[in-house]
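Working through the structure, step by step
Chain by chain, the residues:
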Amino acid sequence: MKKNIIIFKNIFNLSKLILSMAFLLLGFSCNTDFDRILNENYPQSGTKFESGKVLYIILDGASGSAMRTALYNGKAPNLLGMVTNASYSFNSLADQEGGTMTNERGWANLLTGVGAARHGVEGSDLSQLSAPTVLSLLSSTNIAIQSSIITADSAFYDAFSSGVNSSSVVLDDSFVKDKCIEELEKEGTTVSDVVLAHFKGIELAGKSNGYFDPDTDGPGSAVIDAVQTVDDYIGDIMGQLKARPNYSRENWLVIVASSYGGVLSSSSSDLYDDKSRNAFTLMFNPRFSSKLIQKPALEDSPYFGYGVRYTYENDNYVNASLRDPTLYNMGADNSYTIQFMFKNTAGTYGWPTILSKRKEGFSGLGWNIFLKGNYWTINTSKSGETAGGTVSDGKWHVLTVVFEQFESGVHGTIKVYTDGIFNNENRLWNNSWDLMDNDIPLRIGRIPSDGDASPDFLLTNLQIYNTALSSEDISTLSCISDVNESHPYFEYLVGYWPSDEIGGNIIKEKTRKWGSKADFVLTGPYTWKDFSDNSTNVCPPAPGAYYRLVPNSVDMPFQILQWLGISSDTAWNLESRGWAPVYSILN
């Protein structure tokens, strides 16, 4: 797994991003300003332009990175020629919701204008589609709008041809091209107002040969060749479109959009780095100026929230302990990974335990993580001490311990990491008498009479996985502060305590695999402390508006409606925003 995490620092002027987000949220929250721009800038019937028409080209599995490579390496000359009069982006987003991204989910986003939570297509089952498509919405209006769909995919045809005036399912992409040209050869008003051509060749090439080259991590050569083939088809289609006798008056908007990025993976806290959601969008009209829409970047994104303040005063310390002491015993041959975020008052410390499953700090069955000087260390009943890195400096850090165990008689390893960086490892002895399991509950905070009483820290985002994460994955994923279904190890997550309750004496375990038995119960003089800190070691979720600064797949239906001069009915409740073009010619 390649490292895809971006730590948002020193990349972009934060004030520019804030202004951009403010414009997005205020200026386009209801798309009223976009309607105004359309009314003022799109010439109406009665001028030398007629009402608009749309050619909508959907490319399966065409990642933005593959399209960029093809365009800038002479493999897609027709699309490259179109960008002169287009708003376009290689960093569009096929989806913003969690879970595995699929081609079918991408189709639904592109055609309904709402996400999976609304249209129902979470995976590949199109029978779950429960939202109307933009073409069926058009047919429900009082305006006479004709539409057609051409595809070589029967599943696409069955799911999305409802409400369409003309639909064709053909043998392959070359026939899609031929049928699209046949539609565009129709004279005058007999041509459809919306022509949708769906190409699947890039997806087929990626499935058969790999979407990305494992050596370079760039787009695979077969994918680039498939882009070139589709570009040839688009060139032929555009040639016929421009050859129409009234082409200049018909005012065509050409949208080229990809369904998803190809790979079925989601391994980044930043959606812009998720290859499966990396899409390509191009919106062309001969009167547009060229506008490249690039992904934004954040200078700093603070890690903020609430956490329990753990203090260690003698006989008056704060503890959080599980209700069930049998939970999270590892057995003799099971592998586990423990990870959490930690911020302690700067200083040096004399062996106080901070997280443990052990009666006493340095004896008996179990393990305990403790502070030593300004760094951290773990001691177990199956190994010696294994030292981590510096953490007692008043900053947020991520501490990771990997227990890799094997069958009896085969010794394992314990590895420790700080902020995703490997520190040390030791042997985990695995003779019949080498054990760690016990009846002491998992505990955050002080073990009585164990170490000094000076710690004053926050511990959040505690995760326990029933597998050994690799060093590469830890370096990539450790900074994620919001673990959800998109995390590549989510299925192995057996304990997760974000510690975000704000108040009360319970820290809830979020997977609920064990119910309330896995909730921590707080004792002592605990307080909930709010925090907001910039940290290069933590990757908090980006603000929602951050992902609306590029075209999203759900935006395309709204773009089509507006180009046709049809205001979006509030009852449709589209999750789209509009993209106002930059005009070079207005009349």
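Note that this is a predicted model, so its numbers are computed, not measured.

1. A word on the sheet that holds strand β7 (residues 278-284)
In space, the eight strands of this open sheet follow the order β4-β3-β5-β1-β6-β7-β2-β8, with mixed pairing throughout. Looking at which strands have only one partner, the edges of the open sheet turn out to be β4 (166-169) and β8 (291-292). Judged from the four bridges that link them, strand β3 (residues 147-151) and strand β5 (residues 194-199) form a sheet pairing that is parallel. The partner of S147 across the bridge, within β5, is V194. Along the sheet face, helix α14 (residues 555-563) touches β1 (53-59), β5, β6 (252-258) and β7 and points at about 175° away from the line of β6.

2. Notes on the pairing of strand β9 (residues 303-311)
Inspection of the sheet shows β9 paired to strand β24 (residues 527-533) by seven bridges, in the antiparallel sense. Looking at the pairing, G305 lines up with F531 of β24.

3. Quick word on the sheet that holds strand β22 (residues 506-507)
Backbone-to-backbone hydrogen bonds join strands into a sheet, with any given pair of strands oriented parallel or antiparallel. Taken together, eight strands build an open sheet; the order of strands is β15-β14-β13-β12-β19-β10-β23-β22 and the sheet is antiparallel. Single-partner strands in this sheet number two, and they are β15 (383-390) and β22. Note: strand β12 (residues 349-360) against strand β19 (residues 443-445), two bridges, orientation antiparallel. Residue pairing in the sheet places S356 in a bridge with R443 of β19.

4. A short note on the state of the cysteines
Across all of its chains, the model carries one disulfide by this definition. There is a disulfide in this structure between C479 and C539, and the S-S distance comes to 2.0 Å. Judged by the sign of its S-S torsion, about -90°, the bond between C479 and C539 is left-handed. Of this pair, C479 sits in the loop between α13 (471-477) and β21 (493-497) while C539 sits in the loop between β24 and α14, and the two are 60 residues apart along the sequence.

5. Thoughts on α14
Most of α14 sits out of view: nine of its nine residues are buried. One or two steps after α14, the chain reaches G565, where phi turns positive at roughly 80°.

Reading the values: the criteria
- Residues numbered from 1 in each chain as written.
- Predicted model: local features only at pLDDT ≥ 70, side-chain atom pairs only at ≥ 80, totals over all residues.
- Heavy atoms only, no water.
- Pairing = 2+ DSSP bridges.
- Helix = DSSP H or I, 4+ residues; strand = E, 2+ residues; numbered from the N terminus.
- Contact = heavy atoms within 4.5 Å.
- Axes fitted to C-alpha atoms, helices over the stretch in contact; angles between N-to-C directions.
- Disulfide = S-S within 2.5 Å.
- Buried < 20%, exposed > 50% of the residue type's maximum accessible area, 1.4 Å probe, protein only.

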